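One-letter residues, chain by chain:
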Amino acid sequence: MSKGGGAGKVYFVLYLAVVLELLIIIVERDEAEEHLAKKQKETMRIVESILSQLQSGAGTEGINTRPQDEITIPPPGINLEEVLGTTLKSNRKYIVKVGVTDVSADLKRKEGESDKDYTLRLQKLVKLANVEQIQYQIFFNPSADIEGPPVFPSEDDIKKLNVDITKLIPGTYIDVPNGTGSAWEFMGSTELLLDDQATFNQLNLKELSSEKIQPVYPMNKVRRVGQSLLPPGISPDSVFAYSIEATRKEGLDKKGGLTKRDFEINFQPNDRAGWYKLRFVSRTNRILGISGGLTADQIPDDATVNIGTVQLSVRDLRSVLRELTSKLDKYNPPSADILFKEQNIEKFMDGLNKAIINSKTDDDATKIINNLNLYGYIVRLLAPGQSQYFDQNKGSLEFDIRVITPKPQVAEPTVQNLLPYIASFDKVSPAFSFTISPYQETNNAIEGRILNAQGGVVERLVLTPMDQRQGSGVTAPIRGGTREFFATTSGTLSPGKYTVEITHKLSGKQAQGTAQLEIFKTGLTPESENDINNRLESYSYYGLSASLNAVSSAGAKIKPDQFRIYVTTDQETQRSPVNSLTITPQNALELKPPAKKLTVKITWVQPITEKEMDIFTPAAFTIKQEQPSIVLRNMLQNYSGTSNKVKIEVRNISVGKPGTGSDKDAKIEIKVVGDPTIIDGMTGYAPTIEPTIDGDPENGYTMQLEYSGKLERGQTKVKGTIQVNIQAIAINPVNGERSEPKKMPVIIQVNFEPEARRQQQRR
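Residues numbered from 1 in each chain as written. Predicted model: local features only at pLDDT ≥ 70, side-chain atom pairs only at ≥ 80, totals over all residues. Heavy atoms only, no water.

Asker: Summarise the overall build of the protein; cite the residues concerned and give the values.
Answerer: A count of helices and strands for the protein gives twelve helices and 39 strands. The buried share among the 763 residues of the protein stands at 42%. Accessible surface, the protein: about 41500 Å² in total, of which carbon and sulfur atoms supply 48%. (Helix = DSSP H or I, 4+ residues; strand = E, 2+ residues; numbered from the N terminus. Buried < 20%, exposed > 50% of the residue type's maximum accessible area, 1.4 Å probe, protein only. Areas by Shrake-Rupley, 256 points an atom, 1.4 Å probe, with all protein chains shown as cover.)

See the structure below:
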């Protein structure tokens, strides 16, 4: 029994040990699962945080360079150096700056990093710090529009046209769908491709810095198509190349990193004038996904991708992708196999966009859309060769160059810029300008004259070079260029039509310019002058505005902005003139007390000379207080008394208050003027008191009359018509100016049956 009991204890102890071991394993498993779930969530947060930069575009930078330019090329067969005494520079050098990833903080070896891992990481940093591919494209359009070039197809237009713009053949034309302008001709392109291995091999690992990573673009990898439009004397290798000097001149940023690579373009247009478009398309490696050559299933978990200098493992990305796939299943995102197996980026992106649209009705739409975008980014990172399609890895820019050909300025004399029609007034000498070319110093012989309708010479023009007129601001001409002249007469001309004749003689040749000159009587039309006088004399009231519309004797043949209207008062004397023949109520001078005089003057300012002359001499008008209005349409009449004495009351006589040019109301004075008159009936009746009128503008006025008399035999009613003349005057509250009296006859129809008569009839 004792032995058996000992064996039982041994078995019991072993049983306890097994149970304890199982418990430890279960606890360790639970802890491991909890740690794994926590690590997976942490990984997802890190990946989401880094990939969110893709959605905001953080750290991206496009290509930039100089804006629109203009180049002048000589006309065919013309030696401009002989004609102008100078040469034209028709070639240009441009610098294109392309943003890259700053790797300066990641070049040092990390603690515990093996040689192999360090080398692999440096090779990726070399790609990140450089432009992997950049293409320089030249397009031409013959448009002569000086306002700007014709519209070039947008990226969406290019997709609709199903055109790969990087693979065009010279002479191919592309245009905006349904466009109205001329099409753009593809002339040529130059493409540089980075040799990342050669770039890495030239590194000195002991002296690593951003500046030491210099890209290698080998000539055997340069792709040239069509014309390069290279300036004479420039090596073909320099038409488009990486510039170490420009990049170094650009310098490091404030953090000591290199964030831009500079490329140099040497350009000279051919002999065609029009618009040239220089277009640049680049591919950088800000985001390095899985390289091509393997299927998605063949990529090991320990492989890495780069977003900038931050590395993410394929294992972590796959873990997050599985989590997102589970969460987003109800929104039907596109299968990752569309990229992993079919390599169809368009189909995948279309499916992703549809899923995003379908999710917009969800209560948590913003979060769902962010997760769908995150799903799309991870699939593209894990799909071999697809990271090149990230917007952050692409950049494009285009700028336009206008190329013009000047008109040949040979020894043929010309007269230019002489206006075909010149208008002036008879109280000032006419004045105008013109130009001649080519300027040949003392060899140019110029004369001008004015002819009447019969062809007779009435005036010889006085001609002065503009560059010799004081204060003109015109510089002296260059040989072969143009020279501007000022022309006028020594006196004035009578109203009528004339012909201006300018003759330019040079080297036995002659050019002539002519223009019609019309002289008008100085002033406004009689109708316009009368209208202004009548209007301002009659309506210069306080509270109104001094607006007017003048018509000069030249009608519409002289632009309105050459005239000035001065409107002032004795209180506001320095008001700026209006450059027009019209003053609208919106910009008119408001007439306010205490001003009492309004002055109006209209002048014409002669172009070029800036001489100012009166066409409506200063006229002064009295500013008046406007009359009040009297309204009788709501008038009521009451009768009382006996047949021997009739009392008449007239109520609701309204008097309107006119404007005063201030925030105070006018004071109203109203009274009866003269004696009332019986104009019909009421025989034997006469007024017994003087009529009175009392009240105020707000509540109306009431007039009282009284007549005495006796009814004629057989009459029971007092009947007749009475006229009472009243007048009202408005008094300005600021300066006490009194208006003209407003007079109004009040017609009272009397039809009154005395009470006593009615009672007698009833008896």
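This is not the end of the story, as more comes after the structure.
Asker: So what's going on with the packing of helix α9 (residues 345–359) against helix α10 (residues 365–382)? Which residues, and what values?
Answerer: α10 packs onto α9 with a crossing angle of 170 degrees between their chain directions and a minimal axis gap of 9 Å. With respect to each other, α9 and α10 are oriented roughly antiparallel. Classified by chirality, the crossing of α10 by α9 is right-handed. Where α9 abuts α10, its residues Ile345, Phe348, Met349, Leu352, Ala355, Ile356 and Ser359 lie against Ala365, Ile368, Ile369, Leu372, Asn373, Tyr375, Gly376, Val379 and Arg380. Its residues assigned to classes, the contact of α9 with α10 shows twelve nonpolar, three polar and one charged. (Axes fitted to C-alpha atoms, helices over the stretch in contact; angles between N-to-C directions. Parallel < 35°, antiparallel > 145°, perpendicular 65-115°, else oblique. Left-handed = near helix turned anticlockwise from the far one by under 90°. Contact = heavy atoms within 4.5 Å. Nonpolar A, V, L, I, M, F, W, Y, C, P; charged D, E, K, R; others polar.)

Asker: So what's going on with helix α3 (residues 115–128)? Which residues, and what values?
Answerer: A rise of 1.5 Å per residue sets the reference length of α3, with its 14 residues, at 20 Å; its end C-alpha atoms lie 20 Å apart and thus fit the reference within 8%. Considered for burial, the residues of α3 that qualify are Tyr118, Arg121, Leu122, Lys124, Leu125, Val126 and Leu128. (Expected span 1.5 Å × (residues − 1).)

Asker: Residue-level account of the pattern of salt bridges, with values.
Answerer: This structure, assessed with the given rule, holds 23 salt bridges. Among the ionic pairs, Arg109 bridges to Asp115, the shortest N-O distance being 2.8 Å. A residue is classified by how much of its surface remains accessible, and Asp115, at 54% relative accessible area, is exposed. Here Glu669 and Arg738 are joined by a salt bridge, their closest N and O atoms 2.8 Å apart. Linking Glu669 in strand β34 (residues 667–681) with Arg738 in the loop between β38 (718–731) and β39 (742–752), this pair joins segments that are 69 residues apart in sequence. Given a relative accessible area of 42%, Arg738 falls into the partly exposed group. Overlapping salt bridges bring together Lys277, Arg279, Glu398 and Asp400 as one network. (Salt bridge = Lys/Arg side-chain N within 4 Å of Asp/Glu carboxyl O.)

Asker: Run through the nonpolar core, naming residues and quoting values.
Answerer: Counting 33 residues, the largest nonpolar core has Phe425, Ile532, Val567, Leu598, Val600, Ile602 and Trp604 as its most contacted members. A per-element tally of this core places strand β30 (residues 612–622) first, with five residues. With near-sequence residues (within four places) excluded, Phe425 lies in contact with Ile519, Phe520, Lys521, Thr522, Gly523, Ser552, Ser553, Ala554, Ile558, Phe563, Trp604 and Met613. Judged by nonpolar contacts, the second largest core, of 31 residues, contains Tyr94, Met187, Leu192 and Leu258. (Core = buried A, V, L, I, M, F, W, Y, C linked by side-chain atoms within 4.5 Å.)

Asker: Would you mind going over the packing of helix α7 (residues 314–327) against α10 in detail, with residue names and values included?
Answerer: Running from N to C, α7 and α10 cross one another at 140 degrees; their axes reach a closest spacing of 10 Å. Between α7 and α10, the interaxial angle falls into the category oblique. For the pair α7 and α10, the sense of crossing is left-handed. The residues of α10 that touch α7, namely those facing Val314, Leu317, Arg318, Val320, Leu321, Leu324 and Thr325, are Asn371, Leu374, Tyr375, Ile378, Val379, Leu381 and Leu382. In terms of residue class, the contact of α7 with α10 is built from eleven nonpolar, two polar and one charged.

Asker: Describe the pairing of strand β22 (residues 496–506), naming the residues involved and giving the relevant values.
Answerer: As judged from the seven bridges shared by strand β18 (residues 445–451) and β22, these two strands associate in the antiparallel manner. Bridge pairing links Leu451 to Thr499 in β22. Bridge count for β22 against strand β23 (residues 509–520) is eleven bridges, and the pairing is antiparallel. Looking at β23, one finds that Tyr498 is bridged to Leu517. (Pairing = 2+ DSSP bridges.)

Asker: A description of α10 should follow, citing residues and the corresponding values.
Answerer: The end-to-end C-alpha separation of α10 is 26 Å, in line with the 26 Å expected for 18 residues at 1.5 Å each. Most of α10 is tucked away, with 15 of its 18 residues classed as buried.

Asker: Describe the packing of aromatic side chains, and please don't skip the residues or the numbers.
Answerer: For the coordinates displayed, the defined rule picks out 20 aromatic pairs. Between the aromatic rings of Phe425 and Phe563, the centroid separation amounts to 6.4 Å while the plane-to-plane angle is 75 degrees, which identifies the pairing as edge-to-face. Here the residue Phe425 occupies a position in strand β16 (residues 421–425), and Phe563 occupies one in strand β26 (residues 563–569), the gap between them amounting to 138 residues. By relative accessible area, Phe563 is classed as buried at 0%. Taken together, the ring pairs in this structure connect Tyr94, Tyr136, Tyr217, Phe240, Tyr242, Phe263, Phe280 and Phe399 into an aromatic cluster. A cation over an aromatic ring shows up here: Lys277 above the ring of Trp184, its NZ or CZ 5.0 Å from the ring centre. Taking NZ or CZ as reference, Arg469 lies 4.0 Å from the ring centre of Phe486, over its face. (Phe/Tyr/Trp six-rings, centres within 6.5 Å; stacked < 30°, edge-to-face > 60°. Lys NZ or Arg CZ within 6 Å of the ring centre and 35° of its normal.)

Asker: Summarise the sheet that holds β30; cite the residues concerned and give the values.
Answerer: On the basis of which strands lie adjacent, the open sheet formed by three strands has the order β26-β29-β30 and antiparallel pairing. In this open sheet, the two strands that pair with only one neighbour each are β26 and β30. Each strand axis lies, on average, 15 degrees off the axis of its neighbour in the sheet, ignoring direction. Pairing analysis gives eight bridges linking strand β29 (residues 597–605) to β30, with the strands arranged antiparallel. Pairing of Val600 across the sheet is with Ala619, part of β30. Seen against the sheet, helix α11 (residues 526–539) touches β29 and β30 and runs at an angle of roughly 30 degrees to β30.

Asker: Outline unusual backbone geometry, supporting the account with residue identities and numerical values.
Answerer: Between Ser437 and Pro438 the backbone carries a cis peptide bond, its omega angle lying at -10 degrees. Structurally, the position occupied by Pro438 is in the loop between β17 (431–437) and β18. In this structure, the amide linkage connecting Pro593 to the following residue, Pro594, adopts the cis form with an omega of 15 degrees. Counting through the fold element by element, Pro594 comes out in the loop between β28 (589–590) and β29. One non-glycine residue with positive phi stands out, namely Glu441, at about 55 degrees. The topology assignment puts Glu441 in the loop between β17 and β18.

Keep in mind these values describe shape, not function.
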